[in-house]
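# Report on the structure
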Amino acid sequence: MSRYVNKISVSDPNILTPKITTFLQSNGFALTYYGNEPVWQKGQGFWAASQHILIQYELGAVIVSAFIGAFGSKEMNLKGFVGIVAKKPLKKVVDALEEMIKANA
C-alpha cells in the first residue's frame, strides 16, 4: 500500500470539517468506504484510475492521504512516472485542498 501523506498543523481541526467536505464535493468527490476506511472517491476505477483522498484528524492536525487505484490494482502514490496521467489531476486537487486547510488553520 503506497499513499501520499501530509500532516498539517491546525489550531482546531473540527472547524475545518465542513470546509473540507464542501471543497471535496465541489471537486466531484463522494464519501464512500475503501475497505474499512471512509474515503473521498472520484471515479470507479474501471475505465480510468479512481482517485481517493482520506482525511484524518488528530489533536492539532489534519492528515491528508491520497492515492489512485485502477480496477484490480494496488494503491499508487502520487509520486513517480507510472500512472502520471491519472496522478496529475489528483495532485492538483490535493495541493489546492492543502492550501485551503493552511489558509483556514
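My aim in this report is to walk through the structure given alongside it, one point at a time.

Conventions we followed
Residues numbered from 1 in each chain as written. Predicted model: local features only at pLDDT ≥ 70, side-chain atom pairs only at ≥ 80, totals over all residues. Heavy atoms only, no water. Salt bridge = Lys/Arg side-chain N within 4 Å of Asp/Glu carboxyl O. Helix = DSSP H or I, 4+ residues; strand = E, 2+ residues; numbered from the N terminus. Pairing = 2+ DSSP bridges. Axes fitted to C-alpha atoms, helices over the stretch in contact; angles between N-to-C directions. Polar contact = N/O pair within 3.5 Å; in protein donor to acceptor, adjacent residues only side chain to side chain. Buried < 20%, exposed > 50% of the residue type's maximum accessible area, 1.4 Å probe, protein only. Contact = heavy atoms within 4.5 Å.

Looking now at the pattern of salt bridges. Taken as a whole and judged by the stated rule, the model has three salt bridges. Glu37 is the partner of Arg3 in a salt bridge, and the nearest nitrogen-oxygen pair spans 2.7 Å. Taken as a pair, Arg3 in the segment before strand S1 (4-9) and Glu37 in strand S3 (residues 37-42) lie far apart in primary sequence, 34 residues in all. The closest approach of N and O atoms between Lys91 and Asp95, which form a salt bridge, is 2.9 Å. Residue Lys91 and its partner Asp95 are both found in helix H2 (residues 84-103); the two are separated by four residues, about one turn of the helix.

Turning our eyes to something else, we now look at the sheet that holds strand S5 (residues 61-69). Ordered by their spatial adjacency, five strands build an open sheet running S1-S5-S4-S3-S2, and the pairing between neighbours is antiparallel. Edge positions in the sheet fall to S1 and strand S2 (30-34), since each has one partner strand and no second. Adjacent strand axes in the sheet meet at a mean angle of 30° when their direction is disregarded. Pairing of strand S4 (residues 50-58) with S5, which is carried by nine bridges, proceeds in the antiparallel orientation. Looking at the pairing, Tyr57 lines up with Val62 of S5.

This next bit is on the side chain of Ser50. For Ser50, the location among the structural elements is in strand S4. At 2.8 Å, the side chain of Ser50 and the side chain of His52 are in polar contact.

Next up on the list: the side chain of His52. Structurally, the position occupied by His52 is in strand S4. Overall, the relative accessible area of 2% leaves His52 in the buried class. Not counting residues up to four positions away in its chain, the partners in contact with His52 are Tyr34, Val39, Trp40, Gln41, Ser65, Ala66, Phe67, Gly69 and Leu90.

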